[in-house]
Amino acid sequence: MHYFTITRSVVFALLIINKAGGLIFNRTFAPGLQKLDSNDYLILAGTFHGIHAISRSINPAPPEPQTQPPATHPRRPITTGIESLESSHFRLTCYQTATGVKFLLFTSPEQPNTEVVVRRCYEIFGDFVMKNPFYNLEMPVRVEKFERALAGYLVRP
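The paragraphs below set out a description of the structure included in this document. This one's a predicted model, so the numbers in the text were calculated from it and none came from an experiment.

Calculation rules
- Residues numbered from 1 in each chain as written.
- Predicted model: local features only at pLDDT ≥ 70, side-chain atom pairs only at ≥ 80, totals over all residues.
- Heavy atoms only, no water.
- Buried < 20%, exposed > 50% of the residue type's maximum accessible area, 1.4 Å probe, protein only.
- Helix = DSSP H or I, 4+ residues; strand = E, 2+ residues; numbered from the N terminus.
- Arc of directions from axis to C-beta.
- Contact = heavy atoms within 4.5 Å.
- Axes fitted to C-alpha atoms, helices over the stretch in contact; angles between N-to-C directions.
- Parallel < 35°, antiparallel > 145°, perpendicular 65-115°, else oblique.
- Left-handed = near helix turned anticlockwise from the far one by under 90°.
- Nonpolar A, V, L, I, M, F, W, Y, C, P; charged D, E, K, R; others polar.
- Core = buried A, V, L, I, M, F, W, Y, C linked by side-chain atoms within 4.5 Å.
- Expected span 1.5 Å × (residues − 1).
- Phe/Tyr/Trp six-rings, centres within 6.5 Å; stacked < 30°, edge-to-face > 60°.

It is worth spelling out helix α3 (residues 144–154) at this point. Listed as buried for α3 are Phe 146, Leu 150, Ala 151 and Leu 154. Projected down its long axis, α3 carries its buried residues within an arc of 125°, all on one side. Relative to its buried face, α3 has exposed residues pointing more than 90 degrees away, namely Glu 144, Lys 145, Arg 148 and Gly 152. Elements in contact with the buried residues of α3: β1 (11–17), β2 (23–28) and α2 (114–130).

Before going further, it helps to examine the packing of α2 against α3. Their axes nearest at 9 Å, the elements α2 and α3 cross at an angle of 155°. With respect to each other, α2 and α3 are oriented roughly antiparallel. As for the relative orientation of α2 and α3, their crossing is right-handed in sense. Listed contacts from α3 to Val 116, Val 117, Arg 120, Cys 121, Ile 124, Phe 125, Phe 128 and Val 129 of α2 are Lys 145, Phe 146, Ala 149, Leu 150, Tyr 153 and Leu 154. Taken together, the residues that form the contact of α2 with α3 break down as twelve nonpolar, no polar and two charged.

With that settled, the discussion passes to the side chain of Thr 97. Within the secondary structure, Thr 97 sits in the loop between β4 (91–96) and β5 (102–107). Classification of Thr 97 by relative accessible area gives buried; the value is 5%. Filtering out sequence-adjacent residues up to four positions away, Thr 97 remains in contact with Phe 103 and Tyr 122.

A word on the nonpolar core. Counting residues in each nonpolar core, the largest one holds 23 residues, and the members touching the most others are Leu 14, Ile 16, Phe 103, Val 141, Phe 146 and Leu 150. Where this core is concerned, the elements lending two or more residues are β1, β2, β5, α2 and α3. With six residues, α2 is the single largest residue contributor to this core. In contact with Val 141, other than residues within four places in its own chain, are Ile 24, Phe 25, Phe 125, Val 129, Tyr 135 and Phe 146. With 15 residues, the next largest nonpolar core counts Phe 12, Leu 23, Phe 48 and Phe 106 among its residues.

In a regular helix each residue adds 1.5 Å, so 17 residues correspond to 24 Å; α2 covers 23 Å between its end C-alpha atoms and thus fits that length. By the burial criterion, the buried members of α2 are Thr 114, Val 117, Val 118, Cys 121, Ile 124, Phe 125, Gly 126 and Val 129. Elements in contact with the buried residues of α2: β1, β4, β5 and α3.

When you line up the elements, Val 143 lands in the loop between α2 and α3. In sequence terms Val 143 and Phe 125 are 18 residues apart; their C-alpha atoms lie 9.7 Å from each other. Excluding anything up to four places from it in sequence, Val 143 contacts Phe 128, Val 129 and Asn 132.

With the rule as written, the count across this model stands at six aromatic pairs. Seen in terms of ring centroids, Tyr 95 and Tyr 122 are 5.5 Å apart; in terms of plane orientation they differ by 55°. Their pairing is tilted. Separated by 27 residues along the polypeptide, Tyr 95 in strand β4 and Tyr 122 in helix α2 bring together distant segments of the chain. Tyr 95 sits in the buried class, given a relative accessible area of 18%. With a centroid separation of 5.6 Å and 70° between ring planes, the pair formed by Phe 103 and Tyr 122 is classed as edge-to-face. Taken together, the residues Phe 103 in strand β5 and Tyr 122 in helix α2 connect sequence positions 19 residues apart. Judged by relative accessible area, Phe 103 falls into the buried class, the value being 0%. Owing to a relative accessible area of 31%, Tyr 122 belongs among the partly exposed residues under this scheme. Pairwise contacts between aromatic rings join Phe 25, Tyr 95, Phe 103, Tyr 122, Phe 125 and Phe 146 into one cluster.

Right, dumping it as structure tokens:
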């Protein structure tokens, strides 16, 4: 007789951090993560923003090609910083936009294609938040259509 455990792909939560490190959106979609109060979410966002910035600066840079003449002011190659963290109970996937906004997606470790999922969250953000004439940049997101579209995409029956 074969016994196997059924692992479920779950999206637990999404956090959006502005380019200054402030939390502008957080929503829990499924139980499974430890309950945090609003202050803990603010601390988490600020801490991750700082660690992400540090990881970008200590990330090993690829060697520069030898075919170019030496520049007077060499440019540092672009580094991405933390893209994902994984534990036995969850996976954190970070997507940083060109404007510096970070999308943090908390999923089960079994969740496939988390990079695709977090980028789709960014597209939904662009469609419902950035195109909203009443939204002020860098401010908390309070757009009901965005929350409904996000829940429709991330919450599976």
